[in-house]
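Take a look at the letters that make up each chain.
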Amino acid sequence: MQVLNFDTIVIGSGLAGLAAAYHASKHGTVAILSKSQLDTSNSYYAQGGIAGAIAEEDSPELHYHDTVVAGRGLCEKEAVQLLVNEGRDRILELIELGMQFDKKDGDYVLGLEGGHSKRRILHAGGDATGKALTCFLLQVVQEQPNITSFEYTAVTRLLMEDGQCTGVQAIDFITGKSMLVTAKASILATGGLSRLFSRTTNPHTATGDGIALAYEAGAELADMEFIQFHPSALYLKDKDAFLISEAVRGEGAWLLNANGERFMKEVHPLAELAPRDIVAFSIYRQMQKLKSPHIYLSLKHLNPEKIKTRFSTIYNKLKEYGYDMTSDLLPIAPAAHYMVGGIRTDLNGETNIPGLFACGEVASTGVMGSNRLASNSLLECLVFGKRASEQAAKRKPLSPKQTAPAALSNDPRNEEAFLLLKNKVADLMSEKVGIVRNGKQLEETIIQLEALLKQLPAEITDYNELKAKQIIQICLLISRSALLREESRGGHIREDFQHESPDFRLHIIQQKNKEPLFIPIQK
Ligand code: FAD
Ligand code: SIN
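Note that the structure is a prediction, hence the values are computed from the model and not measured. (Residues numbered from 1 in each chain as written. Chains lettered and ligands numbered in written order. Predicted model: local features only at pLDDT ≥ 70, side-chain atom pairs only at ≥ 80, totals over all residues. Heavy atoms only, no water.)

**Some thoughts on the site of ligand 2**
- Taken together, the residues surrounding ligand 2 are Gln47, Gly48, Glu113, His230, Leu243, Ser245, Glu246, Arg276, His337, Arg372, Ala374 and Ser375.
- Here an oxygen atom of ligand 2 and a backbone polar atom of Gly48 are 2.9 Å apart.
- One of the side-chain nitrogen or oxygen atoms of Arg372 is found 2.7 Å away from an oxygen atom of ligand 2.
- Protein contacts shield 93% of the accessible area of ligand 2, which totals 260 Å² for the unbound molecule. (Near = heavy atom within 4 Å. Polar contact = N/O pair within 3.5 Å; in protein donor to acceptor, adjacent residues only side chain to side chain. Areas by Shrake-Rupley, 256 points an atom, 1.4 Å probe, with all protein chains shown as cover.)

Shown next, in the form of structure tokens:
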């Protein structure tokens, strides 16, 4: 088995991974391992933009306020302060490096999204912010001589020695061979898990691998029950749920129910721009009430030329589906979009396992509370990607005595069985652990998932078996945490516990072979 050594390993090449790798490269050698092409990630598909209090009439204090209001009592104060203050610095740093956000007459054009009290969303290429940001940072990363990238290389195990993480085992899809990569620090930047739901805005990479790897190694996971459903994803039977950015509502688009009535004005003073959890749940209620699988998004009253320029990616994609977004009613429904909880870290991205760090969507730093404020996640990637890599650099070099764990096979004949299982689990999660949950259905889901887990071989020897085990375990973690949280808050709504409860102003922590912990938020 090939064995390599670097100072820092970064797992994942989305914005968090790229930011972490760039900053880590100032301190030593870096390996980026990505199971996809380097530019396939949630980050690449980001549309709306990146939140930053850069306007004169805005301030980090206002951004802080909007973030904690959206987070509904579960945000960690210090983490949010870092996000909004350092976030602004990270954006300015990127601009200094050459990143170009959209400007008009020399000034940045700032978008508006749900829950923001000011226009503060920087965007690039209109609605192609993720593509512009990741391609820009990828180029910067590729210019660093001490960063080596491995595409199509999935990390399959974290190496542990004397309670520390000493590196990773990975499988290279091109050669089919396993490899060991050792380092004094490993940074998980593997993104979210919304692809474990059948209706999702996420690309195929978002299967929560980092969660499963960290859990297996003994890391603490926080608040796994909070899944953010994006309100406006195109609804077409048997087609993927293509995201129609919240920024479209920021420019004035309306939500209409199946009868063509605008309903958000009665629900919240910000109407269509209420925080995301409220909008998604209100849409769900309208769909239930009128027995319709979707509602509509309408832009008919807006300036068509402005829409076509500002949202050219969305406009062109909808054209492919036969819709003109400036004049047609667009069928939309919520879709799983973002994992709010994740691997529990401190403010420097450090987990409870020495040598193991996490940043970006896979991490739970405390900034998102129970519901993420729109466009705060790209910002989180930049802020905590840098913090994690700088903390990682402080670690002393290791001399691992690692003996290689057995290599996994990657037999293509197992692929079909895996895909069948994956689709079955995704349907189950969408049906029973979706926007609205209840205790009975969660218990049923846990029983079904446990039964599926028992059907897998006791010893995993193949990559497809590993993936199957990982997705079942992650879905169990979400469902168990959702069952424990007997209240409705942010991205977790229980029809049997419909109100927010002061007793649940706490994080639910899960760790392998341990009872769950309930940790109150810091005052
Ligand atoms: P990702 O960008 O998902 O990157 C994860 C990386 O890890 C990928 O390269 C993947 O291949 C790799 N990986 C996963 N598992 C393994 C493994 N086992 N081994 C090796 N590599 C692995 N947020 C905003 O702030 N603003 C927006 O406008 C916005 N729009 C969005 C639009 C869409 C359609 C989506 C899906 C999300 C959007 N979000 C937005 C959310 C935001 O894009 C993500 O939360 C953020 O980009 C996550 O970045 P990340 O680097 O943590 O993960
Ligand atoms: C969007 O453009 O609506 C997505 C923004 C986000 O997820 O933060």
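**Examining the site of ligand 1**
- Every one of the 40 residues lining ligand 1 counts as a neighbour, but Ser36, Ser43, Gly49, Glu361 and Ser377 are closest to it.
- The backbone of Gln47 places a nitrogen or oxygen atom 3.3 Å from a nitrogen atom of ligand 1.
- Contact distances for ligand 1 include 2.8 Å between a nitrogen atom and a side-chain N or O atom of Ser377.
- Protein contact buries 98% of the 1,000 Å² of open area that ligand 1 shows by itself.
- At the level of elements, helix H1 (15-24), helix H2 (42-45), strand E10 (153-161), strand E18 (330-339) and helix H12 (377-393) are the ones that each hand at least two residues to the shell around ligand 1.
- Within the shell around ligand 1, the residues separate by chemical class into 13 nonpolar, 23 polar and 4 charged. (Helix = DSSP H or I, 4+ residues; strand = E, 2+ residues; numbered from the N terminus. Nonpolar A, V, L, I, M, F, W, Y, C, P; charged D, E, K, R; others polar.)

**Some points on the packing of H1 against H12**
- Packing of H1 against H12 brings their axes to within 8 Å, and their N-to-C directions diverge by 35°. Judged by the twist between their axes, the crossing of H1 over H12 is right-handed. The segment H1 lies against H12, with Leu15, Ala16, Ala19, Ala20, His23 and Ala24 engaging Leu378, Cys381, Leu382, Gly385, Lys386 and Ser389.
- Within the contact of H1 with H12, the residues separate by chemical class into 8 nonpolar, 3 polar and 1 charged. (Axes fitted to C-alpha atoms, helices over the stretch in contact; angles between N-to-C directions. Left-handed = near helix turned anticlockwise from the far one by under 90°. Contact = heavy atoms within 4.5 Å.)

**Regarding the side chain of Ser34**
- By the element assignment, Ser34 lies in the loop between strand E3 (30-33) and H2.
- Within the local environment of Ser34, its side chain forms a polar contact with the side chain of Ser13, the two groups lying 2.9 Å apart.
- Filtering out sequence-adjacent residues up to four positions away, Ser34 remains in contact with Ser13, Phe150, Glu151, Tyr152 and Thr153.

By themselves, these are just geometric observations and shouldn't be taken as functional.
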